[in-house]
Each structure stands twice: as structure tokens, then as C-alpha cells.
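Examination of the molecular architecture
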Amino acid sequence: MSPSVRPAAGRFFEDFQPGDRYRHARGTTIGESENQLLTKLVLNTAQAHFNEDAMKGTPFGRRIVFGLLTASIIIGLTMEDTAENALAELTLDRVRFKHPVFPGDTLYAYTEVLARDDGERSDAGIVRFKHWGLNQDNTVVCEAERSVLIKRRPAAAH
């Protein structure tokens, strides 16, 4: 995957074309606070996320980061470029966890525009994205698809 960096200008419905691929500029390292606090806040107490001793005997060899935390971080890394002019998040589906994420891993996000739908609104259209999350070793850790209602570019003043 060799996508371009998403330009700073634009991000209205018309700026997204099916087949466009780009990488997002930001990355983030997963710390203990994200894995411990946020996972517990959603009442997930799975041993895989909290018990280092129990995880030593597994194929992972250590604790793993909660998958939905990984997905939300990946989607969050895309927001500046894909949701600046969003009116509504419509769907998030086809979420797949391809490789475990461990505390201390750094995640990056990539996006492809899958489709555009002019819809029934004159002020906005729907854009369908596919997002990938990669770790510091360029291993895909997460995939997801998302549909967003995005404002159209304002008409030029006459």
C-alpha cells in the first residue's frame, strides 16, 4: 500500500473520489492507561487484557489490547481527514482484528474511499470508507468500513 498523504485542503463530499487512498499523518502509541482504564470503563474484565501472569502461557505471551479500543483509535486517527465536514456517522461495520496489539505498540491509519452516494439531500452526500490500522512494523492489525454523511461544498457567493 503506497497511498498519498491526504491534503489539508478539502474534505467536503466532492473531495472524496472512489479509489482514492491515503495515509493519515498522525500515529499514536498505546499506553497502559488506554488499555487498563478504558477497557475497564466498558466493563471488559477479560484476563487477556489485565493478567500478565495468565497470558505468559498463551500464544501471545503477554497481555493484548482490547480490540474495540484498537478500532476506536484507528477510526479516531482518520477523523481529521474524513469527518471534518461530517453531519452524521451512519455505519461502522466489517470490523476485523487481523493481528494482536500490545501495550507499547504504535498505530497508524490508512483509508480508501470505496464509494460515494449522492443520496436524497442537496446539502450532503454519503461517503463509504475502508480503514486499515497498522502497527510500527507495518502489520495490519485492524480493518473496518464506515459510512459518513458529509456536507457538500458551499455554493460560491454571487
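The model shown is predicted, which means the values in this text are computed figures rather than measured ones.

**Some points on the pairing of strand E6 (residues 140-151)**
The buried count for E6 comes to 10 of 12 residues, which makes it a mostly enclosed element. Both strand E3 (residues 86-97) and E6 contribute to a ladder of 8 bridges, which runs antiparallel. Directly across from leucine 92, in E6, lies its bridge partner arginine 146. Two strands pair when backbone bridges link them, and strand E5 (residues 124-134) and E6 are joined in this way by 11 bridges, in the antiparallel orientation. When the sheet's bridge partners are listed, valine 127 is paired in E6 with valine 148. Counted along the chain from E5 to the antiparallel partner E6, the turn is 5 residues long, and its residue asparagine 138 has a positive phi close to 60 degrees.

**Regarding unusual backbone geometry**
The phi dihedral of arginine 94 is positive, around 55 degrees, even though this residue is not glycine. Relative to the helices and strands, arginine 94 is located in strand E3. The exposed category is assigned to arginine 94, whose relative accessible area is 53%. In this model, asparagine 138 sits at a positive phi of 60 degrees, which is unusual for a non-glycine residue.

Calculation rules
Residues numbered from 1 in each chain as written. Predicted model: local features only at pLDDT ≥ 70, side-chain atom pairs only at ≥ 80, totals over all residues. Heavy atoms only, no water. Buried < 20%, exposed > 50% of the residue type's maximum accessible area, 1.4 Å probe, protein only. Helix = DSSP H or I, 4+ residues; strand = E, 2+ residues; numbered from the N terminus. Pairing = 2+ DSSP bridges.

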